[in-house]
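Topology and contacts: notes
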Amino acid sequence: IRRIGVLTSGGDAPGMNAVIRAVVRTAAAHGISVLGIRRGYSGLINGDIIELAARSVDGISRKGGTMLYTARCKEMLTEEGLQKAADTCKYLGIDGLICVGGDGTFRGALALSRLGVPCIGIPGTIDNDIGCSEYTIGFDTACNTALDCIDKLRDTMQSHERCSVVEVMGRHAGHLALNVGCACGATAILLPEREIDFETDVIEKMRMGRIKGRNHHIIIVAEGYGSAQVVADRIHDATGIDTRLTILGHIQRGGSPTSQDRVMGTRMGYAAVIALEEGKSKRVVALRSGSVIDIDIEEALSQTKDLNQCLFEAQTTVAI
Ligand code: F6P
């Protein structure tokens, strides 16, 4: 292969720049040129493309976001848009495409592969909700960013003897909320994947905490669980504790990537280029038992990921 393309699509995630750097530098070492597709698949449809030489990715690993911009491209769901994207690849002599993102990104890569464009997906999302991979780029940074915010919230909650209800991102998945809740020592974590008895697991726990001298609480609510405002109101009505709601929102997607996200971005970016060089197509790079492997995209899309049960139990069965 002589030329490949790289794009980032869907929600951005810290570490995407490390992937881009690894793709460009690995390709350069193998005599392959790289085109950067801007704004995800819409860059392919609209021809928004730049050349990426080894020097053009200097120092990007430590930066949050993605230097290629990102988008959720509705046109890729139409036959016309898809064909335009495939035609651009053929016209530009793109022998392989690396697509960084989540499930939606992989569906685009699958469709393009079927039209003859060899594609390799890389899991990049703060949600860590890709079934085939134990890790998705951006998750560790997002956990640490949320944790940093919650540590600050705890200071003021403790001073005022309040309860802080914190909504954490994750779309339909609770991985981010569970990890963050565990790391910050939350009184309760509300997740879409696990039903709880609100009265026993939240209210009673808080009452018990008060008896035992706990003067403040952090309650983590995954965005997929339901309204965090309703949770805050219920807590206030049932306990009388002064309660404040904080929605962390997009702050969780920003910031300089942690070493884990830079390293994983590098490993996965490297693996994707090697996969293309070996003539592979329609694959997703994934982390399994600590190793970076690749699997068929269709198989990847059919897999789901449950919460880490050990973590869930370790967090929910501790005494207040
Ligand atoms: O998938 C990443 C994510 O940040 C989710 O956690 C969240 O639900 C969603 O993207 C937000 O999307 P947008 O940036 O389009 O508002």
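In this text, all values refer to a predicted model and were calculated from it rather than measured experimentally.

**Considering the overall build of the protein**
- When helices and strands are tallied, the protein shows eleven helices and eleven strands.
- Relative to the compact-globule value of 20 Å for 320 residues, the protein shows a C-alpha radius of gyration of 22 Å, a close match.
- By principal-axis analysis of the C-alpha atoms, the protein measures approximately 70 × 35 × 35 Å.
- When burial is assessed residue by residue, the protein has 50% of its 320 residues classed as buried.

**Notes on the sheet that holds strand E7 (residues 188–190)**
- Taken together, the four strands give an open sheet; going across it, the order is E7-E8-E6-E9, and neighbouring strands pair in parallel fashion. The sheet terminates laterally at E7 and strand E9 (243–247), the two strands that pair on one side only. Averaged over all pairs of adjacent strands, the angle between their axes in this sheet comes to 20°, without regard to strand direction.
- Both strand E6 (residues 163–168) and E9 contribute to a ladder of five bridges, which runs parallel. Counted as the bridge partner of Glu-167 is Ile-247 from E9.
- Packed onto the sheet, helix H5 (residues 139–160) meets E6, strand E8 (217–222) and E9 and runs at close to 165° relative to E6.

**What to know about the sheet that holds strand E5 (residues 119–123)**
- Read from one edge to the other, the open sheet built from seven strands follows the order E3-E2-E1-E4-E5-E10-E11, with strand pairing classed as mixed. Unpaired on one side and paired on the other, strand E3 (49–52) and strand E11 (291–296) mark the two borders of the sheet. Strand-to-strand twist in this sheet, taken as the mean axis angle between neighbours without regard to direction, amounts to 30°.
- Sheet topology places E5 next to strand E10 (residues 283–288); two bridges connect them, and they run parallel. The partner of Gly-121 across the bridge, within E10, is Val-284.

**So, the UniProt feature "binding site: Mg(2+)" (unreviewed entry) in the protein**
- UniProt tags Asp-103 as "binding site: Mg(2+)" (unreviewed entry).
- In this structure, Asp-103 sits in helix H4 (residues 103–114).
- According to the C-beta neighbour criterion, Asp-103 is partly exposed, with 18 such atoms within 10 Å.

**Describing the pairing of E8**
- The element E8 is largely enclosed, with a buried count of six among its six residues.
- With burial as the criterion, each face of E8 is covered, one bearing His-217, Ile-219 and Val-221 and the other bearing Ile-218, Ile-220 and Ala-222.
- The sheet contact formed by E6 and E8 spans six bridges and is parallel. Bridge assignment links Glu-167 to a residue of E8, and that residue is Val-221.
- Inspection of the sheet shows E7 paired to E8 by three bridges, in the parallel sense. Across the sheet, residue Ala-188 finds its bridge partner in E8, namely Ile-219.

**Looking at the packing of helix H6 (residues 175–184) against helix H11 (residues 309–316)**
- Closest axis-to-axis distance for the H6/H11 pair is 10 Å, and the angle between their directions is 40°. Of the possible angle classes, the one that applies to H6 and H11 is oblique. When you trace H6 past H11, the crossing you get is left-handed. When H6 is examined against H11, the residues Leu-178, Gly-181 and Cys-182 are found in contact with a partner set consisting of Leu-311, Phe-312 and Gln-315.
- Considered class by class, the residues forming the contact of H6 with H11 number four nonpolar, two polar and no charged.

**Let's talk about the site of the ligand**
- Gly-11, Gly-102, Thr-125, Ile-126, Asp-127, Met-169, Gly-170, Arg-171, Glu-223 and Arg-253 make up every residue found near the ligand.
- Here the shell around the ligand is composed, by residue class, of two nonpolar, four polar and four charged.

**Quick word on H4**
- Helix length check: H4, at twelve residues, gives a terminal C-alpha distance of 17 Å against a target of 16 Å (1.5 Å per residue), a fit within 8%.
- Phi for Gly-116, located one or two positions after H4, is positive at around 95°.

**Things to note about the packing of H5 against H6**
- Two elements in contact, H5 and H6, have axes whose closest approach is 9 Å; the angle formed by their N-to-C orientations is 45°. In terms of axis orientation, H5 runs oblique to H6. As H5 packs across H6, the resulting crossing turns out to be right-handed. Contact with H5, carried on its side by Phe-139, Ala-142, Cys-143, Ala-146, Leu-147, Ile-150 and Asp-151, involves Leu-176, Asn-179, Val-180, Ala-183 and Cys-184 of H6 and no other residues of that element.
- The residue inventory of the contact of H5 with H6, partitioned by class, reads ten nonpolar, one polar and one charged.

**Considering the nonpolar core**
- Residues Val-23, Ile-219, Ile-220 and Ala-272 are the most contacted members of the largest nonpolar core, which totals 94 residues.
- Those residues in contact with Ile-219, other than ones at most four positions away along the chain, are Cys-163, Val-165, Ala-186, Thr-187, Ala-188, Val-202, Val-231 and Ile-235.

**Quick word on the pairing of E11**
- With six bridges connecting them, E10 and E11 associate as antiparallel partners. Paired with Ala-286 across the strands is Ile-293, a residue of E11.
- Taken together, E10 and the strand that follows it, E11, pair antiparallel across an intervening segment of two residues, in which Ser-289 is found at a positive phi of about 50°.

Cut-offs applied
- Residues numbered from 1 in each chain as written.
- Predicted model: local features only at pLDDT ≥ 70, side-chain atom pairs only at ≥ 80, totals over all residues.
- Helix = DSSP H or I, 4+ residues; strand = E, 2+ residues; numbered from the N terminus.
- Rg over C-alpha atoms; globule rule 2.2 N^0.38 Å.
- Buried ≥ 20, exposed ≤ 12 C-beta atoms within 10 Å, placed from the backbone.
- Pairing = 2+ DSSP bridges.
- Axes fitted to C-alpha atoms, helices over the stretch in contact; angles between N-to-C directions.
- Contact = placed C-beta atoms within 7 Å.
- UniProt positions renumbered as here; feature names shortened; annotations may be inferred.
- Parallel < 35°, antiparallel > 145°, perpendicular 65-115°, else oblique.
- Left-handed = near helix turned anticlockwise from the far one by under 90°.
- Nonpolar A, V, L, I, M, F, W, Y, C, P; charged D, E, K, R; others polar.
- Near = placed C-beta within 6 Å.
- Expected span 1.5 Å × (residues − 1).
- Core = buried A, V, L, I, M, F, W, Y, C linked by C-beta atoms within 7 Å.

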